[in-house]
Amino acid sequence: AIPSATALPALEVPGNYPYRESRHTPTSPITLPERCTMCGACEAACPTGAIWLSRAVVTDARACIRCTACVKVCPAEARIWDDPRILQTAEWLATEHASRNEPQVWL
């Protein structure tokens with residue numbers, strides 16, 4: 001038995017520590033107006049409410065968490081990424097990290 005919580009060793013988890021704020025400008029998917037049917041699927045799928053319909057689809061890039069839910073649900077494929085950094089990262093992930101890694105558990 002452990003005598004107290006203070007007797008536990010410090011927890012060390014790999015990752016971005018200490019946490020650093022992003023230095024990148026906000027970005028979000030864009031809507032191709034020639035394809036958009038204004039169905040509202042992207043607005044409904046956005047977990048942060050960063051998308052709303054007006055005369056066109058409007059996206060608040062500062063509120064976008066880049067989850068890509070709006071891109072995945074668009075039936076007309078009108079929501080796309082055109083940011084070069086996002087496209088470069090997607091290519092890197094697809095080529096360098098396509099195979100599954102087993103999860104790690106820390107106790």
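Everything below is about the structure shown above.
Owing to the predicted nature of the structure, the values given are computational and were not obtained by experimental measurement.

What counts as what
- All residue numbers here refer to positions counted from 1 along the written sequence of the relevant chain.
- For a predicted model such as this one, the threshold for reporting local features is a pLDDT of at least 70, and the threshold for listing and counting side-chain atom pairs is 80 or more; totals across whole chains, interfaces and linings nevertheless cover every residue.
- Side-chain figures throughout are based on the complete set of non-hydrogen atoms in the structure, without hydrogens or water.
- Put simply, DSSP marks the helices as runs of H or I at least four residues long and the strands as runs of E at least two long, and each gets a number from the N terminus on.
- The globule rule is 2.2 Å times the number of residues to the power 0.38, and the radius of gyration it is compared with is taken over C-alpha atoms.
- Residue burial is assigned from relative accessible area. The probe radius is 1.4 Å, only protein chains are included, and a residue is buried under 20% of its type maximum, exposed over 50%, and partly exposed in between.
- For our purposes a nonpolar core is just a set of buried Ala, Val, Leu, Ile, Met, Phe, Trp, Tyr and Cys residues, chained together by side-chain atoms within 4.5 Å.
- The contact definition used throughout considers only heavy atoms, calling two residues in contact when any of these lie within 4.5 Å.
- Expected span, for any helix, means 1.5 Å times one less than how many residues it has.
- Polar contact is the term for a pair of N or O atoms within 3.5 Å; when the atoms are in protein, one must be able to donate a hydrogen and the other to accept it, and sequence-neighboring residues count only if both atoms are side-chain atoms.
- Any carboxyl oxygen of Asp or Glu within 4 Å of a side-chain nitrogen of Lys or Arg constitutes a salt bridge here.

> Any chance you could break down the overall build of the protein chain for me, citing the residues and the numbers?
Helices and strands together make up the secondary structure of the protein chain, namely three helices and four strands. Listed N to C, the secondary structure of the protein chain is β-α-β-β-α-β-α in terms of helices and strands. A compact globule built from 107 residues would reach a C-alpha radius of gyration of about 13 Å, whereas the protein chain, at 20 Å, exceeds it by more than 25%. Projecting the C-alpha coordinates of the protein chain onto the three principal axes gives extents of approximately 65 × 30 × 25 Å. The burial tally for the protein chain puts 19% of its 107 residues in the buried class.

> Break down unusual backbone geometry for me, with residues and values.
One non-glycine residue, arginine 66, lies in positive phi territory at about 60 degrees. Tracing the backbone through its elements, the reader meets arginine 66 in the loop between strand S3 (57–59) and helix H2 (69–73). Classification of arginine 66 as partly exposed rests on a relative accessible area of 39%.

> Any chance you could break down the nonpolar core for me, citing the residues and the numbers?
Counting residues in hydrophobic clusters, the biggest one holds six residues: Cys42, Cys46, Ala50, Ile51, Val57 and Cys70. Contact partners of cysteine 42, with chain neighbours within four places excluded, come to Ile51, Val57, Cys70, Val73 and Arg79.

> Let's hear about helix H3 (residues 84–96): which residues, and what values?
Counted at 1.5 Å a residue, the expected span for H3 with its 13 residues is 18 Å, and the 18 Å between its end C-alpha atoms agrees. The N-cap of H3, judged by a side-chain oxygen 2.8 Å from the amide nitrogen of arginine 85 a few residues on, is aspartate 83.

> So what's going on with the pattern of salt bridges? Residues and values would help.
Throughout the structure, instances matching the rule amount to two salt bridges. Its salt-bridge partner being arginine 62, residue aspartate 60 comes within 3.4 Å of it at the nearest N-O pair.

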